[in-house]
Each structure stands twice: as structure tokens, then as C-alpha cells.
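Structural overview for review
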Amino acid sequence: MAISLTLVPVIATPPSSLFTFTRLHHLASLSSPYSPSGVLRATAKRFTFVTKSKSVTMAAVQECPGNLKRQVEKLFDASLRSTVPDETGVQTEVTASLPGKPGDYQCNNAMGLWSIIKGKGTQFKGPPAVGQALLKNLPTSEMVESCSVAGPGFVNVILSSKWIAESIETMLMDGIDTWAPSLPVKRAVVDFSSPNIAKEMHVGHLRSTIIGDTLARMLEYSKVEVLRRNHVGDWGTQFGMLIEYLFEKFPDTDSVTETAIGDLQSFYKESKSKFDADPEFKEKAQKAVVRLQGGDAIYRKAWTKICDISRAEFAKVYQRLRVELEEKGESFYNPYIAKVIEELNSKGLIEESEGARVIFLEGFNIPLMVVKSDGGFNYASTDLTALWYRLNEEKAEWIVYVTDVGQQQHFSMFFKTARKAGWLPESDKTYPRVDHVGFGLVKGEDGKRFRTRSSEVVRLVDLLDEAKTRSKTALIERGKDKEWTPEELDQTAEAVGYGAVKYADLKNNRSTSYTFNFDQMLSDKGNTAVYLLYAHARICSIIRKSGKDIDELKKTGKLALDHPEERALGLHLLRFAETVEAACANLLPHVLCEYLYELSERYTSFYSVHQVIGSAEEASRLLLCEATAIVMRKCFHLLGITPVYKI
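Now for a description of the structure that goes with this document. This structure is a prediction, so every number in the text was calculated from the model and none was measured.

Of regular secondary structure, the protein chain possesses 24 helices and 17 strands. Accessible surface for the protein chain amounts to roughly 27,400 Å². Of this, 50% is attributable to carbon and sulfur atoms.

Following this line, the structure appears as C-alpha cells:
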């Protein structure tokens, strides 16, 4: 349902400061089902029981106070242990009920359990009987209103509306961080963005940068220490070419500035053209690489100059996107490579092949080259060394690489090498763990890779500035330049423009490609950042217009979920933690986007039929509005989007 609103000034918390920022560069759902919107009541179904055998109170689920699904799982885990005490290996299977199905959650263990115990002299006569026993042995809990068994033993659970309301009240008092999921790791590395020195960041880096940032934010929210790594391409044979061209154009390298060099992309292309066409220059460039890697002070100084100019360009993108990174580029790992290669060799993994040193891996028809025939190191040797460093020096338990899907084979090969070396466990789900987060292309309207009309790759800075400009134009067309200060106009245009670009990317399953379209992403209708930002702004406006002190209301007011739309919204709020956990576990940001959009839709369904201000239930409904706004803001934060607070 579209919300017809106008943009307004952003009154947002200031962005966190950028750290020193420091894989794209070697190459050009598990969403939570939602409950029905109607009131879910106990009905006179077959196999309906009220369970009173054991008691589980709120204190018993403090290990996962925000994760509703996990709390239900704990109840059924206790039931399983009572029902089949000898089957200790059975895992609890609980899912959120699908729309239109009875209950809020469903335990699906009966059929699988029956296949295990039949023929063992069991007292049960089939899956329905197992389901009845699971229900009968379910501990009583203040969170459960009623249960029923349906079909082949599915146990449906209807949660207490009173308990849902009290859980939301607790969050309002204690803060949404109490709903943060707990993951089985303490420290993770997220390797993302990773542009090449002396090349412009282009639209191809957009996905790695914002997907990586969102994954890092979700892990950080889940109490994981995240090392945000920018593995820039700052080492290799191309630097000999760049340095010699720099010397040729600017004999006095000390005076070289970003302005003097101009467009880095053009500078790179010019040096490459000369390298390809001029044998004498090519020879100089090859010798320059040797001198650079040998530590020659003059060449190191020129290399540093080129890197610094590139970093200044990268900073413009990271500042716009409000992305924090720490640079540990290829050059950082160079001193460790020889030691790592020697370790792999000592384990008998490296063989000679056509003058190069390679590792043959089962399942691949080509070997992984780790030392070139000229004795130089390559991308694989650097990546293996970086992995070794992250495991042994940085003590990371989970290492996530965010690059395009075209690099899948490379990562599969070097992950398998690490397992053969004994650095990683055989199971890819056991920690320490590595994952390649692959993503598809950003396409233009023609269905091809997104480029300019002159077939050039689109510069990321230009793309972001265009989004902000279009957003600002829409604001001016609505007369906001007459109502707001220039600063307010600029802040809102930036929040909406950049947020629209981010959300248009993140809402897609990352493994697929998507079409870049400014008109669609800046629309205020449908599943867009603009629609969601407006929905949040409208909620904030309602709270302000009430004239109530919302912080005081949190202390004195009571939340009641007496109507179907109120209950549906409250239940969805409580599913926030399990959604974030699913998005983290499967490294899928779009799962969170789906949750956020559904939240805004559930709020619209509630607000369209229930008066808030001036109603008998005003205090309760204001608390429900505030809880919705808080969860929306946390979703925005995890997606790297700045919220808009006023309409």
C-alpha cells in the first residue's frame, strides 16, 4: 500500500567516524514465514490439550530473551527429552507457521521421530500419537496460550498475546540490544570492497561494499567482534608500470599531487598503453617491480604516493556510504608469503608443474598455482597467506569474503587447500569457518553490465552523487527548499538518495543480478527505501502529535494486543531477533529487507483500521508505534541507511 508523503529534514544521529579505510580486484530464502493477520485463538480441534505437566518461566529462557523461535525450541527440546529419553541425538524442528495456517509456531518432529522409533517396541502407533505425546509433555509456559496437533503429528503453538505484549514492554524499557541474537563466534573477519590501487571504484564495487558493510553490522549487533578488512590490490607487477610512468611524467615526484595526476583511471590506461606499445618502457617497468619489491627507497616512495592518491579517492566513496573499513592490502601480507609457502611445501602439498609451483586438488581439473614460473607470487599465494594470518595472528573464528560469483572457483580451491593443510576443519559448518559470499552483476536497462553510454564502467562516486541530486530535485519540486534550511535539504536528499541505492541492492538475493534503475529505487511506492523511510517518519509524526512523553509512557503505560492487527504487528516485532540470526547464519541481507518491508505493511494494516491519538487505547497504541519505530530504526542501521524522522 503506497504512502503518499513528502520528504522532510533528517534529524538523525551523526554517523560514526571513519576508521582508516583500508576482491573484485583480480577479475573484472531462509526468510521467516509470517503468521496470519487474524487473531490466533485456541479452537476446538482434534488432539487439543492444555499442558500442565512442567513449568518453564521467563527466567528459564534468558539465554535467548529476544529470539522467539529459540524460546519455543527450548520448550519442545524439554518435551522431546521426556517423550523419547533414549533418542538423545534428535534435534528439535520448530518453524514459524505459514500464513493461513493454524498457530504461530509449529513443531515438525513427529514424522521424523516415528521413522526412528518404529520397530523398537514403541508404545506409539504412528506420527499423530507421537505428536500428541510431544504436546502432552510440553512444559507449561507463560508464553504459550494453547497447542493443538494436526495432520501427521504437527504440533501447533499459539502464543499468549499478553506475553507478547509484556515482551515488547520489556524491550521498550531495556532497549533493542536485548533482542540481539547470540552467535557461536566471538571474532570474525569480513573481507569486502577491496578495490585496486590506481583504479577508480566503479559500480562493480558497490555490491561488495554495501553487502559487506551490512554483514559486518549484523555480526556486530550479534555481539561478534568484526575485523572489517579492505584487501586492496596495492602490490604486483602493474606497479612497475605505474611508477615508471609517474617518473616519466613527473620527474620531481615529491611535488606530485592528486590534481597533477588528474583522473587515476586515465593515468592507469595511459601507462598500460605505453607498456604494451613501448618495449623499452616495458623493460624499465619490469625492472621497477624488482626494485620496488627489493625495498628501493625511491621506488617505495613513488609507490606510497600512488597509493595515497588512490586512498583519497576511495575515501570519497566510503564517506558517502558511511562505511568503515581498515586497510590490510596485498602488500601487508607480502612479508609472510614465503613462510606460508614453505609450510605448505613441508606438508607435501606443493608440486612442480611447467616451471611453476602448484597444488593439485581433487575435484578440480586445474591446479592452484602458488608460485609463478618466474618465481613471483600471485593472487592465490597472497590469499592463502592472508587466511593463515587471520587464523593464526588475528585469531578469527569466521572469515567471510564478499566478492562476485565469478570468483567462486578460486575460493573453493584455496579453501580446500587450507583444509588439506589442516588449517580448517573438514566440515564447512564447523569453526573456524570460511565462507565466500558471492553476488551477481549490476545490470543496465539493456540487460548487460551497467556502463555509461560510452561503454565506460560507471564511477561509483558519480552514481551516488546522481542519486542524491535526483532526490534533492524531488524535494525542491515539493517546495521543501522554501521550508527548510539548505543544510536540512542536503541532509534529507543524501539520506534518501544513498539509502535508495543501498536498499535497491540489498533487497535482492545477493546471488542474483539486478537491474539498476533510479526511477524504481527512488519511488515512494512498493518495496523501496523511500517508502520505508516515509513509513518510519509517519510513525514518528504520530508520536509527536500525541503530545505524550514517550519515555514516561514506557514506564507507566501498558501494552495490550486485543485486536487482530495489533497482535499480528506485535508478533512480527518479536520475530526480529530470529530474522537477524537467520540473515547472519546464511549471510543473506535480503532476509532482513523482507522482514522490514513486511513490518511496514503490518503497521499500515494496523494503522489503517485503528485510531491511535484520541482513542481509548491511545497509550497502548503509542507504545506499539514506538516499538515499531525502534525496530525499523535498528533495521535501517543494520542496512546502513539513515532514517528520516519528520514528514
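Having put the structure on the table, let's press on.
For the coordinates displayed, the defined rule picks out 24 aromatic pairs. Measuring from centroid to centroid gives 5.2 Å for Phe247 and Tyr299, while their planes differ by 80°, and the two rings are edge-to-face. Of the two residues, Phe247 is situated in helix H6 (residues 238–249) and Tyr299 in helix H10 (residues 297–321); the sequence distance between them amounts to 52 residues. Of the two residues examined, Phe247 and Tyr299, each falls in the buried class. The interplanar angle of 55° and the centroid separation of 5.9 Å between the aromatic rings of Phe576 and Tyr595 together place this pair among those described as tilted. A residue pair is termed long-range when its members are at least 10 positions apart, and Phe576 in helix H22 (residues 576–585) and Tyr595 in helix H23 (residues 590–609) qualify at 19 residues. Just as Phe576 is buried, Tyr595 falls in that class too. Among the aromatic residues, those joined into a cluster by ring pairs are Phe332, Tyr333, Tyr336, Trp388 and Tyr389.

Now for H10. Helix length check: H10, at 25 residues, gives a terminal C-alpha distance of 36 Å against a target of 36 Å (1.5 Å per residue), a fit within 8%. The complete set of buried residues in H10 reads Tyr299, Ala302, Trp303, Ile306, Cys307, Ile309, Ser310, Glu313, Phe314, Val317, Tyr318 and Leu321. Near the N-terminus of H10, the side chain that reaches the backbone nitrogen of Ile298, with its oxygen 3.0 Å away, is that of Asp296.

Right, let's talk about the sheet that holds strand S9 (residues 225–230) for a bit. In space, the five strands of this open sheet follow the order S10-S9-S8-S14-S15, with parallel pairing throughout. The sheet terminates laterally at strand S10 (326–327) and strand S15 (433–439), the two strands that pair on one side only. Pairing geometry for strand S14 (residues 398–404) and S15, over seven bridges, is parallel. Within the sheet, the bridge partner assigned to Val402 lies in S15 and is Val437. Helix H13 (residues 379–392) rests against strand S8 (187–191), S9, S14 and S15 of the sheet, and its axis sits at about 150° to S14. Each of S14 and S15 touches helix H14 (residues 408–420); the most contacted strand, S15, lies at about 175° to it.

The three strands are arranged S11-S12-S13 in an open sheet whose pairing can be described as antiparallel. Only two strands of the sheet have a single neighbouring strand rather than two, namely strand S11 (351–353) and strand S13 (368–371). For this sheet, the mean angle separating the axes of adjacent strands, direction not counted, is 50°. Sheet topology places S11 next to strand S12 (residues 356–359); three bridges connect them, and they run antiparallel. Within S12, the position partnered with Ser353 by the bridge is Ala356.

Once that is clear, we can look at the packing of helix H19 (residues 529–546) against helix H24 (residues 618–639). Contact geometry of H19 with H24 gives a least axis separation of 10 Å together with a crossing angle of 145°. In terms of crossing hand, the pair formed by H19 and H24 is left-handed. Between H19 and H24, the contacting residues are Leu532, Leu533, Ala535, His536, Ile539, Cys540, Ile542, Ile543 and Ser546 on the first element and Leu622, Cys625, Glu626, Thr628, Ala629, Met632, Arg633 and Phe636 on the second. Among the residues forming the contact of H19 with H24, the class breakdown is twelve nonpolar, three polar and two charged.

With that out of the way, let us pick up the nonpolar core. Nonpolar side chains in soluble globular proteins tend to be buried together. Leu463, Phe576 and Val631 are the most contacted members of the largest nonpolar core, which totals 156 residues. For this core, the element with the highest residue contribution is H24, accounting for 13 residues. With residues near it in sequence (within four places) discarded, Leu463 still touches Val203, Phe450, Val458, Val501, Phe516 and Phe518. Ile341, Val371, Tyr389 and Met413 belong to the second-largest nonpolar core, a separate cluster that totals 33 residues.

Rules used throughout
Residues numbered from 1 in each chain as written. Predicted model: local features only at pLDDT ≥ 70, side-chain atom pairs only at ≥ 80, totals over all residues. Heavy atoms only, no water. Helix = DSSP H or I, 4+ residues; strand = E, 2+ residues; numbered from the N terminus. Areas by Shrake-Rupley, 256 points an atom, 1.4 Å probe, with all protein chains shown as cover. Phe/Tyr/Trp six-rings, centres within 6.5 Å; stacked < 30°, edge-to-face > 60°. Buried < 20%, exposed > 50% of the residue type's maximum accessible area, 1.4 Å probe, protein only. Expected span 1.5 Å × (residues − 1). Polar contact = N/O pair within 3.5 Å; in protein donor to acceptor, adjacent residues only side chain to side chain. Pairing = 2+ DSSP bridges. Contact = heavy atoms within 4.5 Å. Axes fitted to C-alpha atoms, helices over the stretch in contact; angles between N-to-C directions. Left-handed = near helix turned anticlockwise from the far one by under 90°. Nonpolar A, V, L, I, M, F, W, Y, C, P; charged D, E, K, R; others polar. Core = buried A, V, L, I, M, F, W, Y, C linked by side-chain atoms within 4.5 Å.

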